Amino acid sequence: MTDLIETIRRTLVPIHKEGYPFILIGIVLTVGAGLFSQFFAWVFLILTLWVCYFFRDPERVVPVGDGLVVSPADGRVNLISTVLPPPELDLSHEPMLRISVFMNVFDCHVNRVPVTGKIGQIHYTPGLFLNAELDKASDDNERNGLVMETTHRGQPLRIGVVQIAGLVARRIVGFVSAGETKQVGERFGLIRFGSRVDVYLPVGTRILVGLGQKAVAGETVLADLGGGPERSFRRI
């Protein structure tokens, strides 16, 4: 019996409180629809269960090590490039490495800080709601950026993390404030529903993921600030 209870506990993932209002609305609609139509009651029940799934907030086992940069989001690595960082973050006037993780509507949308450090600033920029998979979404879409002030081998570094709204996403939610210190893997925000998160790293950082790779927030190591040769990947 103890093993069964533990299995159930591990299977039932906690739901983030941001999802409670949507779940309540879903329950009300399901009950209301059930008074008139069994078919629509099932439809709203399925939608309510999907909302519960969307707002899941599982625990993560976070790798800890000097220079490791973990994924801030669940999703697919869809862009790796060297570009100028968003000017509003005042990160650098020179190009930086950018790793983008695209979240579809079935991915967990709780975002986590990629490195341990202090949040230097937070800057919200209104914009469009283009497909978040597009490269130009970094410049045109509504976004919320923050600067993580960290250290590597005793030297100060500034890393950018930008939440980008997508076609369906209409709300970027932040859980942190400028000046707070966060440990790698701690939650810092959430985006509703379907979106992308960009990480801006110094040139010379060793990239440890490949395009199309599935990333898990707080667990997948995206890069190593210590540098070194990049990994090679192939599709099988």
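Keep in mind that this is a model prediction, so the values were computed, not measured. (Residues numbered from 1 in each chain as written. Predicted model: local features only at pLDDT ≥ 70, side-chain atom pairs only at ≥ 80, totals over all residues. Heavy atoms only, no water.)

A. Representation of the domain arrangement of the chain in the model. The assigned domain composition of the chain is domain 1 (1-55) and domain 2 (68-224). Computed from C-alpha atoms alone, the centre-to-centre distance between domain 1 and domain 2 is 30 Å. Each partner contributes residues to the interface: domain 1 has seven residues there, and domain 2 has 12 residues. Remark: the boundary between domain 1 and domain 2 carries zero salt bridges. At the surface where domain 1 touches domain 2, the tally comes to zero residue pairs in polar contact (both at pLDDT 80 or more). Residue contributions to the side of domain 1 that touches domain 2 peak at three residues, all from helix 3 (residues 38-54). Among the residues making up the side of domain 1 that touches domain 2, the classes are represented as five nonpolar, one polar and one charged. (Domains from an automatic or database assignment. Contact = heavy atoms within 4.5 Å. Salt bridge = Lys/Arg side-chain N within 4 Å of Asp/Glu carboxyl O. Polar contact = N/O pair within 3.5 Å; in protein donor to acceptor, adjacent residues only side chain to side chain. Helix = DSSP H or I, 4+ residues; strand = E, 2+ residues; numbered from the N terminus. Nonpolar A, V, L, I, M, F, W, Y, C, P; charged D, E, K, R; others polar.)

B. How the structure looks around the sheet that holds strand 10 (residues 187-192). Spatially, the three strands line up as an open sheet ordered 4-10-8, and their pairing is antiparallel. Edge strands, defined here as strands with exactly one partner in the open sheet, are strand 4 (110-112) and strand 8 (171-174). Across the sheet, the mean angle separating the axes of adjacent strands is 25° when strand polarity is ignored. Two elements, strand 8 and strand 10, share four bridges in a ladder whose sense is antiparallel. When the bridges of strand 10 are listed, G174 appears paired with G189. (Pairing = 2+ DSSP bridges. Axes fitted to C-alpha atoms, helices over the stretch in contact; angles between N-to-C directions.)

C. Spatial organisation of unusual backbone geometry. Its identity as a non-glycine residue notwithstanding, D90 has a phi of 50°, on the positive side. Structurally, D90 can be placed in the loop between strand 2 (75-83) and strand 3 (96-103). The backbone of R153 sits at a positive phi, close to 55°, despite the residue not being glycine. Relative to the helices and strands, R153 resides in the loop between strand 6 (143-152) and strand 7 (155-165). Owing to a relative accessible area of 61%, R153 belongs among the exposed residues under this scheme. (Buried < 20%, exposed > 50% of the residue type's maximum accessible area, 1.4 Å probe, protein only.)

D. Summary view of the packing of helix 2 (residues 20-34) against helix 3. Two numbers describe how helix 2 lies on helix 3: the axes approach to 8 Å, and their chain directions differ by 170°. Between helix 2 and helix 3, the angle is such that the two are roughly antiparallel. Of helix 3, the residues touching helix 2 (which contributes F22, I23, G26, I27, L29, T30, A33 and G34) are F40, A41, F44, L45, T48, V51 and C52. For the contact of helix 2 with helix 3, the class distribution of residues is 11 nonpolar, four polar and no charged. (Parallel < 35°, antiparallel > 145°, perpendicular 65-115°, else oblique.)

E. Structural context of helix 2. In this model, helix 2 (15 residues) spans 21 Å end to end at C-alpha, consistent with the 21 Å of a helix rising 1.5 Å per residue. For helix 2, every residue scored as buried is listed here: I23, G26, T30 and A33. What you see down the axis of helix 2 is that its buried residues fit within an arc of 95°, all on one side. When the buried face of helix 2 is taken as reference, the exposed residues oriented beyond 90 degrees from it are L24, V28 and V31. For helix 2, the secondary structure elements touched by its buried residues are helix 3. (Expected span 1.5 Å × (residues − 1). Arc of directions from axis to C-beta.)

F. Highlighting the packing of aromatic side chains. According to the stated counting rule, one finds four aromatic pairs in the structure shown. Between the aromatic rings of W50 and F54, the centroid separation amounts to 5.6 Å while the plane-to-plane angle is 40°, which identifies the pairing as tilted. Of this pair, W50 and F54 are both found in helix 3, four residues apart, which corresponds to roughly one turn of the helix. With centroids separated by 5.0 Å and ring planes inclined at 80°, the aromatic side chains of F54 and F55 adopt a geometry described as edge-to-face. (Phe/Tyr/Trp six-rings, centres within 6.5 Å; stacked < 30°, edge-to-face > 60°.)

G. A look at the UniProt feature "transmembrane region" (unreviewed entry) in the chain. Here, UniProt's "transmembrane region" (unreviewed entry) annotation points to residues 20-53. Secondary structure across residues 20-53 comprises 91% helix and 0% strand; the distance between its end C-alpha atoms is 12 Å. (UniProt positions renumbered as here; feature names shortened; annotations may be inferred.)

H. Region of interest: the sheet that holds strand 1 (residues 68-70). What the three strands build is an open sheet, ordered 1-14-12; its pairing is antiparallel. A strand with exactly one partner marks an edge of an open sheet, and here the two such strands are strand 1 and strand 12 (206-207). Bridge count between strand 1 and strand 14 (residues 221-224): three bridges; the pairing is antiparallel. Considered in strand 14, the bridge of L68 is made with D224.

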